[in-house]
Amino acid sequence: MKKNIHPKYHQIKVEMTDGTHFETKSTWGKEGDVLKLEIDPKSHSAWTGGKQKLMDKGRISKFNKKFQNFKLEKKKLNVKSSLNAYGYSFMAC
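Residues numbered from 1 in each chain as written. Predicted model: local features only at pLDDT ≥ 70, side-chain atom pairs only at ≥ 80, totals over all residues. Heavy atoms only, no water.

**Some remarks on a nonpolar patch on the surface**
Put simply, the test is: Patch criteria: residues need more than 30% relative accessible area and no salt bridge. Like-charged residues are merged within 9 Å; nonpolar side chains of Val, Leu, Ile, Met, Phe, Trp and Tyr are merged within 5 Å. In short, Shrake-Rupley with a 1.4 Å probe defines the accessible areas, and a residue's cover is counted only from the protein chains shown. Every case where a carboxyl oxygen of Asp or Glu lies within 4 Å of a side-chain nitrogen of Lys or Arg is listed as a salt bridge. Every helix listed is a DSSP run of H or I at least four residues long, and every strand listed is a run of E at least two residues long, numbered separately from the N terminus.
A contiguous nonpolar patch, built from Phe63, Phe67, Phe70 and Leu72 and spanning about 490 Å² of accessible area, is present on the exposed surface. Relative to the helices and strands, Phe70 is located in the loop between helix 2 (58-66) and strand 4 (80-83).

Now the structure itself:
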């Protein structure tokens, strides 16, 4: 096996957004470095259940502007949708 091809695996300290710390092993940084998190389960709305922040609010308007002239012709399909015994929908033609 080749030597010195793998990154160093060492102990680091992780600082959460509320200031609490915990230690773990990682290839990030150097031995004893502190990794400060900007988003973690204590602050992110996906875990807290709060309203999500829209960081890139211009993304949707940029998309709409780019594709404003793109139009799709809709075709009618003869499709019936039903629910199975588990409550999932499926298509039957």
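**So, the pairing of strand 1 (residues 10-15)**
Every regular strand shows the same layout, with side chains that alternate between the two sheet faces. The condition is simple: Only protein chains enter the area calculation, which uses a 1.4 Å probe; residues under 20% of their type maximum are buried, those over 50% are exposed, and those in between are partly exposed. Paired strands, as defined in this entry, are two strands with at least two bridges between them according to DSSP.
Side chains His10, Ile12 and Val14 project from strand 1 onto a buried face, and the interleaved Gln11, Lys13 and Glu15 project onto a face without burial. Between strand 1 and strand 2 (residues 21-26), which pair antiparallel in sequence order, lie five residues; one of them, Gly19, sits at a positive phi of approximately 95 degrees. Of the pairings in the sheet, the one linking strand 1 to strand 3 (residues 34-36) comprises three bridges and is parallel in character. Along strand 3, the bridge assignment pairs Glu15 with Lys36.

**Some points on the side chain of His10**
What counts is decided by this rule: Under the rule applied, a polar contact is a pair of N or O atoms within 3.5 Å (in protein, one hydrogen donor and one hydrogen acceptor; residues adjacent in sequence only if both atoms are side-chain atoms). Here, residues are in contact when the closest pair of their heavy atoms is within 4.5 Å.
Structurally, His10 can be placed in strand 1. What makes His10 buried here is its relative accessible area of 9%. Within the structure, His10 has its side chain in polar contact with the backbone oxygen of Lys8 (distance 3.2 Å). Here the side chain of His10 touches Gly29 through a polar contact of 3.0 Å, landing on its backbone oxygen. Once you skip the residues sitting within four places of it in the chain, His10 turns out to touch Thr24, Lys25, Ser26, Thr27, Trp28, Gly29, Lys30 and Glu31.

**Here's the deal with the sheet that holds strand 2**
Pairing between the strands of a sheet is mediated by backbone hydrogen bonds and can be parallel or antiparallel. Rule in force here: To get an axis, a line is fitted to the C-alpha atoms, and for a helix only the part in contact is used. The angle between two axes follows their N-to-C directions and goes from 0 to 180 degrees.
The three strands are arranged 2-1-3 in an open sheet whose pairing can be described as mixed. Whereas interior strands pair on both sides, the edge strands pair on one side only; in this sheet they are strand 2 and strand 3. Averaged over all adjacent pairs, the angle separating strand axes in this sheet is 35 degrees, with direction ignored. Where strand 1 and strand 2 come together, six bridges link them in antiparallel fashion. Bridge pairing in strand 2 links Glu15 to His21.

**Looking at the side chain of Asp40**
Keep this limit in mind: Just so you know, the count uses Lys and Arg for positive and Asp and Glu for negative, and it drops His and the chain ends.
Looking at where Asp40 falls in the secondary structure, it is placed in the loop between strand 3 and helix 1 (45-48). Despite being buried, Asp40 has no salt bridge partner; Lys42 is the closest side chain of opposite charge, sitting 6.0 Å away. Discounting chain neighbours no more than four positions away, the residues touching Asp40 are Met16, Thr17 and Trp47.

Keep in mind these numbers describe shape, not what the thing actually does.
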